[in-house]
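Breakdown of the fold
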Amino acid sequence: MNKLRSIINYFSAEVIVQVSGIITLPIFVKYLTPEDYGILSLVQIFSSFFVIIIGLQLNTGLGRIYFDYNTEERKSYYSTILFSIISLTVFFSLLLYVCLDSVLPIIFTNASTDYYSFFHLVTISFVFEQVSIASIGLLKVEKKSASLFKVSTVATIISLIFKYKLIVIDNLGVQGGVLAIVFTSIFKSIFLLYFTKKFFKFDFNLEMLKNTLPYTLPIIFHALGGYLFRFSDRVILEKYIPLAMIGLYSIADRLAAVMKFLINGINDTLSPEYIKSSKQNFSDTILRYKDILTIWCVFVCMAFLIINFLIKTYIKLFMPENFQNVLVFIPFILGAYFFRGLYCFFMYPIIFEKRVGWIPTVTILSGVLNITINILFIPRYGVIVAA
């Protein structure tokens, strides 16, 4: 029952964001064009890239190295990771802000300079995003799924308030959307720090940081490979198709993300349990998780059919005519999340045994393959190749 309760909490924490977005989307599409959504999508993938690298993925140490310490040492470990992440992010964010006008043309060759201010603005959120990522990682390993649900609920309400005020009332368009991202990240990080305060102490242990780096540095490349697999298509699309089509594709990705949230909710519950169980008896854990994987496959296939039907019905009923092309991408994106779930299962024993060295190679090769396919076929067949 505890596992089921945790899955429900994790899934609910993710899906409440998704459901609120789905409910309010028909409102915001009256004030934002497909092109506006395209710009916001580029801002998102820009932010995601730098959030991956500037914190050196130190937060991932909470998923494994954290368990190597006793209760009191874990407080020192979490504090060390948090202080390190904040210091690194502040430094690199300031450096990026200063150099941004030179960096953006390299990433987005066709982006108008009129949009550059949006990218400057979102760099403010980087440090707060890193704090949130680390705090969420801690709550997951401590199995505080109820706290995560509370934070997600409050953050969602705050986000909707800012979006409605800035986009609908003030009619700020894309600028309002980016400002809402920044303000929400600030408030969310504050709430998360409140919920993790009992795991924190004013301490910094250099040895703990040194012990973490050999584990987390390879994961940077693993995360970058995942980024290439997830977002490189939009970087390439920006060079060949109008922003409006990128916007429609990003909306489809957002709607289909309910499947991702389901997959992540299950993974967030099973992953810490797998590590703890494996420390007691690795062989028995492997056998038990084979049965769990079979049940998972049946459940996720059923979820695919139901979610696909519901999203398509929603688009037909509530989206304006100029947004109907979103329908084309939905089944492809939903199917991709099924394979992401399988990938998570295969990572459990590798993470437990700390054999992370070869993971970046596999992930980056997958990302490179994704880029190659996109470069070769997007110019010929268009945006459907990205899906």
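As the structure is a computational prediction, the values presented were derived from the model and not from experiment.

**Topic: unusual backbone geometry**
Phi at Asn171 takes a positive value of approximately 55°, unusual for a residue other than glycine. Counting through the fold element by element, Asn171 comes out in the loop between helix H6 (145–169) and helix H7 (174–195). The exposure class assigned to Asn171 is exposed, which follows from its relative accessible area of 51%.

**Let's talk about the side chain of Asp36**
Of note, Asp36 is situated in helix H2 (residues 34–54). The buried charged residue Asp36 lacks any salt bridge, with Arg254 as its nearest oppositely charged partner at 11 Å. Excluding its chain neighbours within four sequence positions, the residues that come into contact with Asp36 are Tyr31 and Val174.

**Comments concerning a nonpolar patch on the surface**
A cluster of nonpolar side chains, namely Ile27, Tyr31, Tyr164 and Ile169, defines an oily patch on the protein surface of about 380 Å² accessible area. In this structure, Ile169 sits in helix H6. With a relative accessible area of 52%, Ile169 lands in the exposed category.

**Some thoughts on H7**
Over its 22 residues, H7 extends 32 Å from the first C-alpha to the last, a length consistent with the 32 Å expected when each residue adds 1.5 Å. Along H7, the residues that are buried comprise Val174, Gly176, Gly177, Val178, Leu179, Ala180, Val182, Thr184, Ser185, Ser189 and Leu192. The inward-facing, buried residues of H7 abut H2, helix H4 (116–122), helix H5 (126–141) and H6.

**Side note on the confidence of the model for the protein chain**
With 88% of its residues at a pLDDT of 70 or more, the protein chain has an overall mean of 79. Confidence, expressed as mean pLDDT per element, reaches its minimum in the protein chain at helix H12 (residues 359–381) with 69 and its maximum at H7 with 89.

**A closer look at the packing of aromatic side chains**
Going through the model one piece at a time under the given rule, you end up with 16 aromatic pairs. An aromatic cluster is present here, built from Phe46, Phe49, Phe50, Phe119 and Phe126 joined pairwise through their rings. The aromatic ring of Tyr194 is capped on one face by Lys197, whose charged end is 3.8 Å from the ring centroid.

**So, the packing of H2 against helix H9 (residues 243–280)**
The relative placement of two packed helices comes down to the angle between their axes together with the axis-to-axis distance. For the pair H2 and H9, interaxial distance at closest approach is 6 Å and the crossing angle is 70°. When the axes of H2 and H9 are compared, the pair comes out roughly perpendicular. On H9, the residues that touch Pro34, Glu35, Tyr37, Gly38, Ile39, Ser41 and Leu42 of H2 are Leu243, Ala244, Ile246, Gly247, Leu248, Ser250, Ile251 and Arg254. For the contact of H2 with H9, the residue count by class is 9 nonpolar, 4 polar and 2 charged.

**Brief notes about the pattern of salt bridges**
For the structure shown, the criterion picks out 2 salt bridges. Among the ionic pairs, Asp170 bridges to Lys165, the shortest N-O distance being 2.7 Å. Residue classification places Asp170 among the partly exposed positions, given a relative accessible area of 32%. Judged by its relative accessible area of 38%, Lys165 is partly exposed. Note that Glu207 is salt-bridged to Lys210, the shortest N-O span being 3.8 Å. Taken together, the residues span about one helical turn, with Glu207 and Lys210 both in helix H8 (residues 206–240) at a distance of 3 residues.

Cut-off values and rules
- Residues numbered from 1 in each chain as written.
- Predicted model: local features only at pLDDT ≥ 70, side-chain atom pairs only at ≥ 80, totals over all residues.
- Heavy atoms only, no water.
- Helix = DSSP H or I, 4+ residues; strand = E, 2+ residues; numbered from the N terminus.
- Buried < 20%, exposed > 50% of the residue type's maximum accessible area, 1.4 Å probe, protein only.
- Lys, Arg positive; Asp, Glu negative; His and termini not counted.
- Salt bridge = Lys/Arg side-chain N within 4 Å of Asp/Glu carboxyl O.
- Contact = heavy atoms within 4.5 Å.
- Patch = residues over 30% accessible without salt bridge, like charges linked within 9 Å, V, L, I, M, F, W, Y side chains within 5 Å.
- Areas by Shrake-Rupley, 256 points an atom, 1.4 Å probe, with all protein chains shown as cover.
- Expected span 1.5 Å × (residues − 1).
- pLDDT = per-residue confidence, 0-100.
- Phe/Tyr/Trp six-rings, centres within 6.5 Å; stacked < 30°, edge-to-face > 60°.
- Lys NZ or Arg CZ within 6 Å of the ring centre and 35° of its normal.
- Axes fitted to C-alpha atoms, helices over the stretch in contact; angles between N-to-C directions.
- Parallel < 35°, antiparallel > 145°, perpendicular 65-115°, else oblique.
- Nonpolar A, V, L, I, M, F, W, Y, C, P; charged D, E, K, R; others polar.

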